[in-house]
Amino acid sequence: MSDLENIRQQALSKLESVGDVAGLDAWRLEFLGKKGLVQGLMKQLREIPADQKRAFGEGVNTLKKELSEKLETAKASFGSARKATGPQADITLPGTRPQVGSLHPITRVRDEMIAVMRSLGFSVAEGPEIEDEFHNFIALNIPPHHPARSEGENFYVSGDKLLRSQTSTVQIRMMETNEPPIRVIAPGRVYRPDTVDASHHYMFHQLEGLAVDKNLTMRDMKTTLLEFFKGLFGSDVKIRLRANFFPFTEPSAEVDVACTFCGGDGCRTCQNKGWIEMGGCGMVDPNVFKAVGYDPEVYTGFAFGLGIERLAMRRYGIPDIRLLTENDVRFLNQFA
Amino acid sequence: MKTTYEWIKTYVPDFEGDVDEMCDRFTMSGSEVEYHLPGSGDDRVIELSITSNRVDCLGMVGLARDLAAVTGLPLRMPDMHLRPGDAAVEDACSVELQDEKGCSRYTALVVEGISVGPSPDWLVERLESIGLRSVNNVVDVTNFVLFEMNQPFHVFDLEQLDGSKIIVRRAIAGEKIRAINDREYELDPEMTVIADASRPVAIAGVMGGADTEVSERTTRVLLETARFDPLATRHVAKKLALNSDSSFRFERGVDGHGIDAAANRCARLILEVAGGSLRKGMIDVGAPEPCTRQFSFRHAQVERVTGIEIPWERCREILESLGCRVIGGGDPTAPVPVEVPTWRRDLEREIDLVEEIIRIHGLDQIPADTKMTVVSVADSKLDLVRAVVKRNLVAAGFAETLTTPFLAPASAAECFFADHAPIEIRNAMRKDESALRMSLLTSLLTVRRVNQDNGNGDGIRIFEVTVVYLDNQKGEIPLHLPILGGLIDGDFAAARGALELLGRALGLKDLCFEIMVAEAGALEAGVGARVLLGEATIGFVGQPTARKIAEMSLKNRPQYFELRLDHIVEAASLTPKFEAFSRYPAAHRDLAVIVDESRTWGEIEKLVRSLDLPDLESLEFFDEFRGKQLGAGKKSLAFSLSYRSSKRTLTSEEVEASQQRAIAAMAKELGAQIRDQ
């Protein structure tokens, strides 16, 4: 190997290990300085035979140029030597942030739920918040004198009108105006005169689901619910149905999800039950079908209702339901 | 509802699981266990919630029956065997039933020669473990059997009953009774009472009287086992604000057929713990018991509803374990008549039996493995519009709020889009939350105020999308109008800018603003604008009135805007259409003109646009200025014009010619004078 190539290899390998501006300066002096190795090569020119002088000189110049270019590139990556001695950029200063807004946590969870249900082929419906007793009770198989119809459980407006106490009313309105097959969800607000505390409010949100067709079974219901919770909590989610009673479904069940914190072992979040109650579900009661003019011998269907507040509070770790309606911007801005 | 592990086990003695397993069985079959706690000795007290349809589970036997059914173990009924004496009950007392509506059946047994005293330990422990206090052996037995068989009783000291007589009748107005809780109650003719020959001795189904209660001197008792009307009992309990374990059960309805068994069980235990002898026979007055219920059941329905096949033999076994009688029933391909037990009045239809079968068989037996058919769905346009509105406002720095629709009636009356009264809540919890809002103004100003009180400084930008209820026609469901409300700390331009942003995002081509000449919805006249979409008013933007700001105790004066979304949904064009743009360079020119105060930017813009200047690409306002050098009553408006041809590069002469036309027109039409040329 010629001296020329030897120095080149040496320079390039040393440059690799240079880590800061000072090191780079030392490298420059060693190879490109006035007393540097490249300049030293020029001194050898005297000893080179005349017919090779030209080629040697060109070789040294090419090397000089190559190393100078490398130096500039390295400088740029470290920041120039002059900057290092001048004022330093304080990159710990905060950025100038554009003001962005935020969606309410209830909206965020509601939208997530809608997105999953849409992917399962459910469309979104809405019903009025001020309802009549037919849609809020009678058609839902809740008889007169049932405690759920009392003034203590509902906000009555006038006559038989009241603020709906459940989104199941939308089931009735959907079936009154559509023929099966139906796959619909109805997210919305409901109202019950509960005293407001850390976990109760007189206004809250539910997501109602309804599917009606010729051969729907509880198996389809369980599949739908499992897919839904997979979409919300991840594919390893576990669900269970346990028997319950609702006037508008038969059979009825409560749907629980295995606690996402303890995996079912029992912890504070699930009150040591290992499972977290998500809402009610069941097969549409034949009396409900009769109320809307469907033949229960022809159609079956399932319905479910899930609370949005509880899901949002658990998802975001919100300890008090009142934070949701206080609207302090320090709260709202956390959901940007 | 409380029970204990050991208590339940007395009826399902073969159950070998621990308390957790028992609780799990209850929870999964519909009676959810809340928790269990240490009880007497090694026993555990279990707290359950019983659903409203399962009245039978208000008794230990009912709960035990479910446990036996889900485990497939035999149910051991309590011992009800009796050996009465020779003396006839009719010789000891008489019963007259006058109020058959309030009481459909009344029975009486008589036990004599008892000695009233403390209860045995087992009885005290059972009662205390479910939160009851031991009184004496006779009263304790009635309470125990009430919880065991779900049938309330009452025992009278027979010596204290005037004329040894029971009359079931309506109370006489003004009649009073001192109950065993030592309080006096005034009765009215709507209430059913149990009376003796001279006075009421019990409030039917609710509570007995103090005068005739069992005491340590009592030796002869009359044991009442009756069926009182649920609604009548509820009415009385509510009116007197007097609830008891008895009234709780009568309100929900007790098993009419259970009276005999329960009475026997209760008498047997009285004899066991207090001695004495039972008179022969039972005084039994009232209507015959209702018929047992029977209907046909198709096995195929089980699979049709549950999606899994459960063999007929298994279905039959489940139904029988719950007390149903399958009649005939060799052939499950035909409808099978099933008689349901009288304690299960909730079983009325075939579907109820399907539920019982899957409930006992286990919902966990249903797999979640259906192949779902693929269906595509589209959002409604209202949903799409709301999504665009939210997305753009969030991008513009607005935080979405969530407020309730309840306001004081005066605030609720403020409305931009209707002039009728707000809807009021008949049973409001608070007076200042007794009406339903028709605008978001007060709600968002309240949020502004909360943030002021919480020390959050300025720069608040908030919005909410909701519906307001407009009571257009009495008796109908009111109109639910979707609206957007927004509040911003800033000037009019900031609020207008947010609306312009929405107008662009929603493709609202002819959105315009018109000065608001009169106060609207508590927004100040003269400084705000009506928002128009073509001819239709779709909203308002401006400052709340000084009165409103004072009412809300706000220190600053934010801008508010509200849009009704219904017209917007019709007009919105949510899919942007590409418009070709020129590849040639643009020529930009700025102009500043001095005009009288009364002139508006709108006039200048309209005039310049009317000139149809060739290749004018844009005309944009950028500054307004007032100062001494301009003179009083004058202002300067600065704006920029941009020219660009789609075919070639414009020459400066062409652009200059257009500029001069604009300047001349503004001078002539608006008296505008060019500034700083």
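Please read all numbers here as calculations on a predicted model, not as lab measurements.

1. A look at the overall build of chain A
Counting its secondary structure elements, chain A contains 13 helices and 10 strands. Computed over the C-alpha atoms, the radius of gyration of chain A is 37 Å, more than 25% above the 20 Å expected from 2.2 N^0.38 for a compact globule of 336 residues. Each principal axis of the C-alpha atoms in chain A carries an extent, and together these give about 120 × 45 × 40 Å. With 336 residues in all, chain A has 50% of them scored as buried. Counting 41 positive and 44 negative side-chain charges, chain A places the averaged centre of each group 11 Å from the other.

2. Notes on the overall build of chain B
Regarding its fold elements, chain B presents 19 helices and 31 strands. Relative to the 2.2 N^0.38 estimate, which gives 26 Å for 677 residues, the radius of gyration of chain B is 41 Å and therefore markedly larger than a compact globule would have. Within chain B, buried positions represent 52% of all 677 residues. Considering only contacts in chain B between residues 6 or more positions apart, those separated by 24 or more positions represent 69%. If you sum the accessible surface of chain B, you get close to 30500 Å²; carbon and sulfur atoms cover 49% of it. Side-chain charges of chain B comprise 79 positive and 106 negative groups, with the mean position of each set lying 6 Å from the other.

3. What about helix H6 (residues 230–240) of chain B?
All names here are of chain B. Turning to H6, its buried residues number three or more, namely Thr233, Val236, Ala237 and Leu240. Projection of H6 onto a plane perpendicular to its axis shows the buried side chains occupying an angular sector of 95°, all on one side. Contacts from the buried residues of H6 go to strand E9 (184–186), strand E11 (200–203), strand E13 (220–228) and helix H7 (245–252). Capping of H6 at its N-terminal end is provided by Asp229; its side-chain oxygen lies 3.4 Å from the backbone amide nitrogen of Leu231. After H6 finishes, the residue Ala241 shows a positive phi value of roughly 50°.

4. A few points about the interface of chain B and chain A
If you look at the interface, chain B gives 84 residues, while chain A gives 82 residues. The three residues of chain B that bury the most area against chain A are Arg304, Leu402 and Arg426 of chain B, which together make up 11% of that side's buried surface. Taken together, the links from chain B to chain A amount to 10 salt bridges. Residue Arg219 of chain A is joined to Asp369 of chain B by a salt bridge in which the shortest nitrogen-to-oxygen separation is 2.8 Å. Split by residue class, the side of chain B that touches chain A holds 36 nonpolar, 23 polar and 25 charged.

5. Quick notes on the pattern of salt bridges
Within this structure, the stated rule accounts for 78 salt bridges over all chains. Among the salt bridges present, the one from Glu30 of chain A reaches Lys14 of chain A, with a minimum N-O distance of 2.7 Å. Taken as a pair, Glu30 of chain A in helix H2 (residues 21–32) and Lys14 of chain A in helix H1 (residues 3–17) lie far apart in primary sequence, 16 residues in all. With its nearest N and O atoms 3.6 Å apart, the salt bridge here joins Glu21 of chain B to Arg25 of chain B. Here Glu21 of chain B pairs with Arg25 of chain B, and both are found in helix H2 (residues 19–28), just 4 residues apart, close to one helical turn. Residue class for Arg25 of chain B comes out partly exposed when judged on its relative accessible area of 30%. One network of salt bridges, in which partners are shared, links Arg240, Arg242, Asp256, Lys273 and Glu277 of chain A together with Glu32 and Glu34 of chain B.

6. Examining the packing of aromatic side chains
Across all of its chains, the model carries 24 aromatic pairs over all chains by this definition. Judged by centre distance (6.3 Å) and plane angle (45°), the ring pair of Phe417 of chain B and Phe540 of chain B falls under tilted. Residue Phe417 of chain B is located in the loop between helix H13 (409–412) and strand E21 (435–436), and its partner Phe540 of chain B is located in strand E26 (residues 536–542); the two are separated by 123 residues in the primary sequence. With relative accessibility at 3%, the residue Phe540 of chain B sits in the buried group. Ring-pair connections join several aromatic residues into one group, and the members of that group are Phe155, Tyr191 and Tyr202 of chain A together with Phe406 of chain B. Sitting over the ring of Phe147 of chain B, Arg249 of chain B keeps its end group 4.7 Å from the ring centre. Taking the ring centre of Phe248 of chain B as reference, the NZ or CZ of Arg252 of chain B above it sits at 3.7 Å.

7. Quick word on the sheet that holds strand E3 (residues 155–158) of chain A
All names here are of chain A. If you walk across this open sheet you meet the 3 strands as E2-E4-E3, and the pairing is antiparallel. The open sheet has two free edges, formed respectively by strand E2 (130–132) and E3, since each of these has just one partner strand. Sheet twist, expressed as the mean angle between neighbouring strand axes with direction ignored, is 40°. The pairing of E2 with strand E4 (residues 161–163) spans 3 bridges and is classified as antiparallel. Paired with Ile130 across the two strands is Leu163, which belongs to E4.

8. Considering the packing of helix H6 (residues 105–119) of chain A against helix H11 (residues 308–316) of chain A
Residue and element names in this part refer to chain A. Where H6 meets H11, the closest approach of the two axes is 9 Å, and the angle between their N-to-C directions is 105°. Regarding the angle of H6 to H11, the classification is roughly perpendicular. For the pair H6 and H11, the contacting residues are Pro105, Ile106, Arg108, Val109, Arg110, Glu112 and Met113 in the first and Ile308, Glu309, Leu311, Ala312, Arg315 and Tyr316 in the second. Of the residues contributing to the contact of H6 with H11, the split by class is 8 nonpolar, no polar and 5 charged.

9. Things to note about the state of the cysteines
Summed over the entire model, instances satisfying the criterion amount to 0 disulfides over all chains. A disulfide-free cysteine, Cys266 of chain B has its sulfur positioned 15 Å from the sulfur of Cys93 of chain B, the nearest such atom.

10. A word on the packing of helix H4 (residues 121–129) of chain B against helix H5 (residues 137–149) of chain B
Residues and elements named next belong to chain B. Between H4 and H5, the least distance of the axes is 10 Å, while the angle of their chain directions is 50°. With respect to H5, the element H4 is oriented oblique. Note that H4 runs across H5; the crossing there is left-handed. Here H4 contributes Trp122, Leu123, Arg126 and Leu127 to the contact with H5, which in turn contributes Asn137, Asp140, Val141, Asn143 and Phe144. Considered class by class, the residues forming the contact of H4 with H5 number 5 nonpolar, 2 polar and 2 charged.

11. A short note on helix H14 (residues 441–453) of chain B
Residue and element names in this part refer to chain B. The end-to-end C-alpha distance of H14 is 18 Å, a good match for the 18 Å that 13 residues give at a rise of 1.5 Å each. Along H14, the residues that are buried comprise Leu441, Thr442, Ser443, Leu444, Leu445, Val447, Arg448, Asn451 and Gln452. Phi for Gly455, located one or two positions after H14, is positive at around 70°.

Parameters and conventions
- Residues numbered from 1 in each chain as written.
- Chains lettered and ligands numbered in written order.
- Predicted model: local features only at pLDDT ≥ 70, side-chain atom pairs only at ≥ 80, totals over all residues.
- Heavy atoms only, no water.
- Helix = DSSP H or I, 4+ residues; strand = E, 2+ residues; numbered from the N terminus.
- Rg over C-alpha atoms; globule rule 2.2 N^0.38 Å.
- Buried < 20%, exposed > 50% of the residue type's maximum accessible area, 1.4 Å probe, protein only.
- Lys, Arg positive; Asp, Glu negative; His and termini not counted.
- Charge placed at Lys NZ, Arg CZ, Asp CG, Glu CD.
- Contact = heavy atoms within 4.5 Å.
- Areas by Shrake-Rupley, 256 points an atom, 1.4 Å probe, with all protein chains shown as cover.
- Arc of directions from axis to C-beta.
- Polar contact = N/O pair within 3.5 Å; in protein donor to acceptor, adjacent residues only side chain to side chain.
- Buried area = accessible area lost by both parts, 1.4 Å probe.
- Salt bridge = Lys/Arg side-chain N within 4 Å of Asp/Glu carboxyl O.
- Nonpolar A, V, L, I, M, F, W, Y, C, P; charged D, E, K, R; others polar.
- Phe/Tyr/Trp six-rings, centres within 6.5 Å; stacked < 30°, edge-to-face > 60°.
- Lys NZ or Arg CZ within 6 Å of the ring centre and 35° of its normal.
- Pairing = 2+ DSSP bridges.
- Axes fitted to C-alpha atoms, helices over the stretch in contact; angles between N-to-C directions.
- Parallel < 35°, antiparallel > 145°, perpendicular 65-115°, else oblique.
- Disulfide = S-S within 2.5 Å.
- Left-handed = near helix turned anticlockwise from the far one by under 90°.
- Expected span 1.5 Å × (residues − 1).

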